[in-house]
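So the chains spell out like this:
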Amino acid sequence: MPEKKFQPPKGMRDIYPEEMALLQQAFSKIREIMRVYNFKEVEPTKVEMFETLAAKSGEEIEREIYAFEDKAGRRLGLRFDLTVGMARMVASSAYAKPIRWFCIADMFRYEAPQKGRYRAFWQWDAEIFGSKSIYADAECIALGCDILSAFGIDFEVRVSSRKLVEAIMREIGVPTNKLLDAFRCVDKLQKLSKDRLLEEFERRGIDKKMAASILDALNYRGDFKSVMEEVRNKFNSKEVKNALDELVELEKALRSFGIDDKCVLDLSIVRGLDYYTGIVFEAYTTNKKALGSALFGGGRYDGLVGTYGQEMPAVGLAGGMERLMEVLKAENKLPEVKEEVDYFVAYINERFIDRAAEVLARLRKKGFVCEMDIMNRNLSAQLRYASKINAKKVVIVGEKEIKEGKVTVRDMKSGEEKMISVDAL
Ligand code: AMP
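Before going into details, it helps to say that this report is about the structure given with it.

## As for helix 5 (residues 162–171)
Line of reasoning, step 1. For helix 5, the set of buried residues is R162, L164, V165, A167, I168 and M169.
Line of reasoning, step 2. Lining the buried residues of helix 5 we find strand 7 (155–161), helix 6 (179–187), helix 8 (208–217), helix 9 (224–234), helix 10 (238–256) and strand 10 (279–285).
Line of reasoning, step 3. For helix 5, the side-chain oxygen to backbone nitrogen distance between the N-cap and K163 is 3.3 Å, and the N-cap itself is S161.
Line of reasoning, step 4. Where helix 5 terminates, the next one or two residues include G173, which has phi positive at roughly 100°.

## Comments concerning the sheet that holds strand 17 (residues 417–421)
Line of reasoning, step 1. Pairing is mixed across the open sheet formed by five strands, whose spatial order is 14-13-15-16-17. Two strands lie at the open edges of the sheet, namely strand 14 (370–372) and strand 17, each paired on one side alone. Geometrically, the sheet is characterised by an average inter-axis angle of 25° between neighbouring strands, direction not taken into account.
Line of reasoning, step 2. With five bridges joining them, strand 16 (residues 406–411) and strand 17 adopt antiparallel strand pairing. When the bridges of strand 17 are listed, V407 appears paired with I420.

## What about the nonpolar core?
Line of reasoning, step 1. Grouped together as the largest cluster of nonpolar side chains are 80 residues, with contacts concentrated most on W124, L143, V157, M169 and I214.
Line of reasoning, step 2. Per element, the largest residue contribution to this core is 10 residues, and it comes from helix 4 (residues 134–150).
Line of reasoning, step 3. For V157, the contacting residues outside a window of four places in its chain are I141, C145, K262, C263, V264, F281, E282, A283 and F296.
Line of reasoning, step 4. Of all hydrophobic cores here, the second largest spans 33 residues; its members include A54, A87, Y118 and V280.

## Describing empty space enclosed by the protein
Line of reasoning, step 1. On inspection of all chains with the given rule, the structure shows one cavity of 30 Å³ or more.
Line of reasoning, step 2. Around the largest cavity sit L22, Q25, A26, K29, F151, M325, L328 and P335, which together line it.
Line of reasoning, step 3. Among the elements of the structure, helix 1 (17–36) and helix 12 (321–330) are those that each provide at least two residues to the lining of the largest cavity.
Line of reasoning, step 4. When residues in the lining of the largest cavity are grouped by element, the largest group, four residues, is from helix 1.
Line of reasoning, step 5. Residues belonging to the lining of the largest cavity are distributed by class as follows: six nonpolar, one polar and one charged.

## Description of unusual backbone geometry
Line of reasoning, step 1. Note that the residue after K97, namely P98, is joined by a cis bond; omega there is 0°.
Line of reasoning, step 2. Within the secondary structure, P98 sits in the loop between helix 3 (83–91) and strand 5 (99–108).
Line of reasoning, step 3. Positive phi, normally seen in glycine, also occurs at N332, with a value near 60°.
Line of reasoning, step 4. Turning to its location among the elements, N332 is positioned in the loop between helix 12 and strand 13 (341–347).

## A short note on the environment of R184
Line of reasoning, step 1. Counting through the fold element by element, R184 comes out in helix 6.
Line of reasoning, step 2. Placed 87 residues apart in sequence, R184 and R271 show a C-alpha to C-alpha distance of 7.5 Å.
Line of reasoning, step 3. Here R184 is in contact with S57, E60, R204, G272 and D274, once residues within four sequence places are set aside.

## Focus on the packing of helix 5 against helix 10
Line of reasoning, step 1. Contact pair helix 5 / helix 10: the axes reach a minimum separation of 8 Å and the direction vectors enclose 160°. The orientation of helix 5 relative to helix 10 falls into the category roughly antiparallel. Seen from above, helix 5 lies across helix 10 with left-handed handedness. Mapping the contact onto sequence places K163, L164, A167, I168 and E171 in helix 5 and E239, V240, A243, L244, E246 and L247 in helix 10.

Reading the values: the criteria
- Residues numbered from 1 in each chain as written.
- Predicted model: local features only at pLDDT ≥ 70, side-chain atom pairs only at ≥ 80, totals over all residues.
- Heavy atoms only, no water.
- Buried < 20%, exposed > 50% of the residue type's maximum accessible area, 1.4 Å probe, protein only.
- Helix = DSSP H or I, 4+ residues; strand = E, 2+ residues; numbered from the N terminus.
- Contact = heavy atoms within 4.5 Å.
- Polar contact = N/O pair within 3.5 Å; in protein donor to acceptor, adjacent residues only side chain to side chain.
- Pairing = 2+ DSSP bridges.
- Axes fitted to C-alpha atoms, helices over the stretch in contact; angles between N-to-C directions.
- Core = buried A, V, L, I, M, F, W, Y, C linked by side-chain atoms within 4.5 Å.
- 1 Å grid on protein atoms, 1.4 Å probe; cavity = no way out; pocket = protein on both sides within 12 Å on 5 of 7 lines; lining within 4 Å.
- Points joined across faces, edges and corners; volume = space filled by probe spheres on them.
- Nonpolar A, V, L, I, M, F, W, Y, C, P; charged D, E, K, R; others polar.
- Parallel < 35°, antiparallel > 145°, perpendicular 65-115°, else oblique.
- Left-handed = near helix turned anticlockwise from the far one by under 90°.

Now the structure itself:
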């Protein structure tokens, strides 16, 4: 193979045909699930005004995204998720609520690349705008479960509540102006070692003692009832109680949707972005050998749409396509995508190339997948190529065929040949 002289930028990947075929098949599967949930497909722009991207996350977001100036000096950035763009779109529209939108598209983040983490990657994303109901949150979780189940993945959804975690943090004395910093640190729990995590807390002005008690207080994962019981025994503010009441409602909804057995309560899930306000969740494979990072994540963000001009409650989720594919690969569950070619049009002598081209055009009009020799090969080389591309049949154009107004068709599996008119193909 020739040396790769020109490489894609760091953290970015090319998609070759075999992978593209798998991806397209996966997209179709996901689109079908979106359809039965009655989500409508949209796509916000790839490039946003920087102020749109920073509206909720603050200027700090610049470090984590691709931001640049256009030739007229406008500050722009590449989208890092689809939620921001859809929230901006929905804020300036007047569709009947609830608005149920989805998008499958590529994202850009200036991350430190590693396995399962890229600087450009694909997501499926669905959002419900305009509903405060906990059933909207539960529907999002159910959608994520249905998507992963459709691919045969064993997984669990770790559910949490920003309201509950915030109430617990307040009760253990985290000052209001440090709450978002604390969330951002807790979100890194999986990514960083304990020491690095404590340093991160310190960098954000939360001392090690306070950081340790935050981590201690959030160290609960298990079925909803037992985790809620633990929390009730330790914390008793009104805010904690209200947040627990909401979780009781959510558990009921998850049960009605038949996905309660897929969900655990895990208080260490808080999500990194600042816009989340309520229920949050992330899904992980339960296969210990497969990738440890999240397959999808999401939650409620009731304040974001308002930032763009129209107050509206909202909840949504997004899943990574590369991670889904990596888990499927690790579990040997990648479907076999065999792209078959109906006909390869071969010719015995270059003199017949125009007749071959006419036959090819007629086959294509009929909807057959086909191609003809454009490499100037001899017939046996053409046949070898036809079998390489999995052509089911080869149409051969020669002198005799042209005289009789026919073509020879060779079945590549049986080797059988017959002469027929083009219309009979
Ligand atoms: P997030 O918006 O960060 O919650 O991302 C939603 C989903 O996208 C995650 O659960 C992952 O499956 C996927 N994802 C996020 N960041 C990356 C990345 N850098 N590379 C590949 N997939 C990612």
